[in-house]
Amino acid sequence: MIKNKLPLKKLIPILSGSLVDMIAPIGIFLFTIGLYATTIAPSLSWGFNNYGIDSGELLSAAKTLGIPHPPGYPTYTILLHLYSKIVQIGDLAFRGNTFSTFNASITVLMIYFIIKKSCTLLEITKTRIETIFCAIIGSVIITTAPLFWANSLITEVYTLNTVFLSILILLSLKITEKNTKSKKLFLIFGMFAGIGLGNHLTLIFISAPLILWITHSHQYNKKKFSLLILGFFIGCAIYLYLPIRALADPPINWGNPVDLKSFLWVITAEPYKNLVFGVNQSLLIARLSSWSTIILNQFTFLGLFIGLMAPPLLYKKQRWFLICSSASMIFFLIYSITYNSMDAEVLLLPIIVIFSIWIGIGFAVITAHIKKVIYPWRNFSYIHAHIFTITAIFILILISGLSIINNYKSLNLSNNQNALEYAQTIFDRIPDQSIIIADNEQHVFSLWYLLYGNQSNKKIMVVSSRLLQFDWYVLQMRDQYPLQIPFNSTSNLTAHERLKNIIEHNQNNVDIFFSYPTALFPQIEEGLIYRLEKARKQ
């Protein structure tokens, strides 16, 4: 006979808590996948607000194991290549889109576990169910945040960046926990930080503060710090992909980084340095106002209020996490506000991730206060017992529910493949062996997708008029098209002079088209494209 069995009344809450503990993260993951699956782009799309302009290039680079625009994104390129090989659903672009959805879902799951871990460490929740509700709040709210949602439906690097960011935060919470003795975690953290930088360099804005926190919590232990640095350099070795693949001469090979000078040109994003702090000072106030509106749209005033309840508690019980998360959000905010590009708001995504964690913690703070207020009121005993459930449902309806209602139509890309349609229309219109000259990334990258990513049967030569300013690009084009690119195009000429040479060299042999109107060359408009008007023979 078994003695000291738990009473049924005590056993049921334990079993129900364990059941919810298992079901909740699975449910959140499936909810995220389900919501995004109904709105994901079916193929190559420029996405909401043209967030997916780079999609065609990233997909083409992944398909051919090439090198996309600086800093080269080796981590993303390799992972997308592997993912597209494993997941054989739809065309290459759709697989790239689902890769973003998958990464977003992993991020949401990581946020769930981060909040759950934080609430346990902060000792703000009294039961497992309360902790789970806090984690659900933060993870569901980020799922329906419009900016995060929009970037989860197209092929881009940003959701993978949030995966690495959330993993680093979760590892930091584990490493800085009392009585943590595992040295392997330091090596693992360093490796994730290094590999993550191979996806997006802005990860340094969170990894650097977290490293300071980790080393401080372990009293600057040299052995542990050495392991972290070793892991970091092992992770950063992902960048060796660039020279290795450049030697293979892939069709997309930015900078051709086969030597140290060209390698540094790529990994330091040299052609984009002028965009950093490139916003005119007179526009900063207007941009700050615009960014404030964007952040407000992610969480509403209610969400912002809940999230701002977290810092006072963090200051008392987990000050270093507050310092790291606050410093990181400030770094990302400054960088995104001053970065002079049309889609710079996507750089706010890490802020949205971090603030969602604050919301989960803030929810625990608010409900704890509510419980204290209504505790003396005997008539409200039922509400007191179920306050977390009632408050959670109320908040999710007001924030996530309304976000779905307000944004579903505008974010729904299920019938949007505008980039593919644009490129396909041009390829269908122009004859085989033609030359198409494009002037911006939106057009060039979409045409590259059909040429290299989708491997069109048509032999079309796509020329980027802007990239002609770089010697590496002209040399690359001459290797691919030795008959069409004249040798004198690699001499010390301007981009326009090189373009003029290419046109003069080919205009009597093939049809030449432009994706844009220009007064520099005689053209005949033909729908989306402009045919070069050949000089009449006298």
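Structural data are supplied above this passage.
If you're wondering where the values come from, they're calculated on a predicted model, not measured in any experiment.

S.K.: It is not clear to me how the overall build of the chain should be interpreted in this structure. Could you clarify?
M.R.: Along its length, the chain carries 22 helices and five strands. What you see for the chain is a C-alpha radius of gyration of 27 Å, in line with the 24 Å of a compact globule of 538 residues. C-alpha atoms of the chain, sized along the principal axes, occupy 105 × 60 × 50 Å. Expressed as a percentage of the 538 residues in the chain, the buried residues total 54%. If you take every contact in the chain between residues at least 6 apart in sequence, the share linking residues at least 24 apart comes to 75%. Of the roughly 25,100 Å² that the chain leaves accessible, carbon and sulfur atoms contribute 63%.

S.K.: Sorry if this is basic, but what is going on with the sheet that holds strand β5 (residues 529-532) here?
M.R.: Pairing between sheet strands relies on hydrogen bonds along the backbone, with the strands arranged either parallel or antiparallel. Strand order across the open sheet formed by five strands is β2-β1-β3-β5-β4, with mixed pairing between neighbours. Edge positions in the open sheet fall to β2 (461-464) and β4 (523-526), since each of these has one partner strand only. Here the strands of the sheet are splayed against their neighbours by 30° on average, with no regard to which way each runs. Direction of pairing for strand β1 (residues 435-438) relative to strand β3 (residues 512-514): parallel, over a ladder of three bridges. Among the inter-strand pairings, Ile437 is bridged to a residue of β3, identified as Phe514.

S.K.: Please clarify how helix α7 (residues 158-175) should be interpreted in this entry.
M.R.: When the terminal C-alpha atoms of α7 are compared, their 26 Å separation across 18 residues agrees well with the 26 Å that a helix rising 1.5 Å per residue should span. Summarising burial for α7: 16 of the 18 residues are buried, a large majority.

S.K.: Before we go on, may I ask you to explain the environment of Asn488 in this structure?
M.R.: Relative to the helices and strands, Asn488 resides in the loop between α21 (471-480) and α22 (495-506). On a C-alpha basis, the gap between Asn488 and Thr300 in space is 59 Å, while along the polypeptide they are 188 residues apart. Excluding its chain neighbours within four sequence positions, the residues that come into contact with Asn488 are Leu493 and Asn501.

S.K.: Sorry, what's going on with the pattern of salt bridges here?
M.R.: Side chains carrying opposite charge are able to pair once their charged atoms draw close together. According to the stated counting rule, one finds six salt bridges in the structure shown. Here Glu177 ties to Lys174 by a salt bridge, and the two come within 3.8 Å at their closest N and O atoms. Residue classification places Glu177 among the partly exposed positions, given a relative accessible area of 24%. Between Arg498 and Asp471 there is a salt bridge whose closest N-O contact spans 2.4 Å. Separated by 27 residues along the polypeptide, Arg498 in helix α22 and Asp471 in helix α21 bring together distant segments of the chain. Asp471 gets classed as partly exposed once you look at its relative accessible area, which sits at 45%. Each of Lys117, Lys174 and Glu177 takes part in salt bridges that share partners, so that together they form one network.

S.K.: Help me out: how do you make sense of the pairing of β1 in this one?
M.R.: Every other side chain in a regular strand lies on the same face of the sheet, so the side chains alternate between the two faces. Of the two faces of β1, the one lined by Ile435 and Ile437 and the one lined by Ile436 and Ala438 are each fully buried. Of the strand pairs in this sheet, β1 and β2 are connected by four bridges, and their pairing is parallel. Bridged to Ile437 within β2 is Val463. The parallel pair β1 and β2 is bridged by helix α20 (residues 441-453), and the resulting crossover is right-handed.

S.K.: Hey, could you run me through the nonpolar core in this one?
M.R.: The tendency in soluble globular proteins is for nonpolar side chains to be buried as a group. In this structure, Ile169, Phe189, Trp254, Ile436, Ile437 and Trp448 are the most contacted members of the largest nonpolar core, which totals 169 residues. Here this core gets 14 residues from one element, more than from any other, and that element is helix α16 (residues 349-374). Apart from residues lying up to four places away in sequence, Ile436 is in contact with Ile426, Ile430, Leu447, Ile460, Met461, Val462, Val463, Phe513, Phe514, Ser515 and Ile529.

Cut-offs and rules
- Residues numbered from 1 in each chain as written.
- Predicted model: local features only at pLDDT ≥ 70, side-chain atom pairs only at ≥ 80, totals over all residues.
- Heavy atoms only, no water.
- Helix = DSSP H or I, 4+ residues; strand = E, 2+ residues; numbered from the N terminus.
- Rg over C-alpha atoms; globule rule 2.2 N^0.38 Å.
- Buried < 20%, exposed > 50% of the residue type's maximum accessible area, 1.4 Å probe, protein only.
- Contact = heavy atoms within 4.5 Å.
- Areas by Shrake-Rupley, 256 points an atom, 1.4 Å probe, with all protein chains shown as cover.
- Pairing = 2+ DSSP bridges.
- Axes fitted to C-alpha atoms, helices over the stretch in contact; angles between N-to-C directions.
- Expected span 1.5 Å × (residues − 1).
- Salt bridge = Lys/Arg side-chain N within 4 Å of Asp/Glu carboxyl O.
- Right-handed = clockwise from strand over helix to strand, strands pointing away.
- Core = buried A, V, L, I, M, F, W, Y, C linked by side-chain atoms within 4.5 Å.

Function cannot be inferred from these measures alone, as they are strictly geometric.
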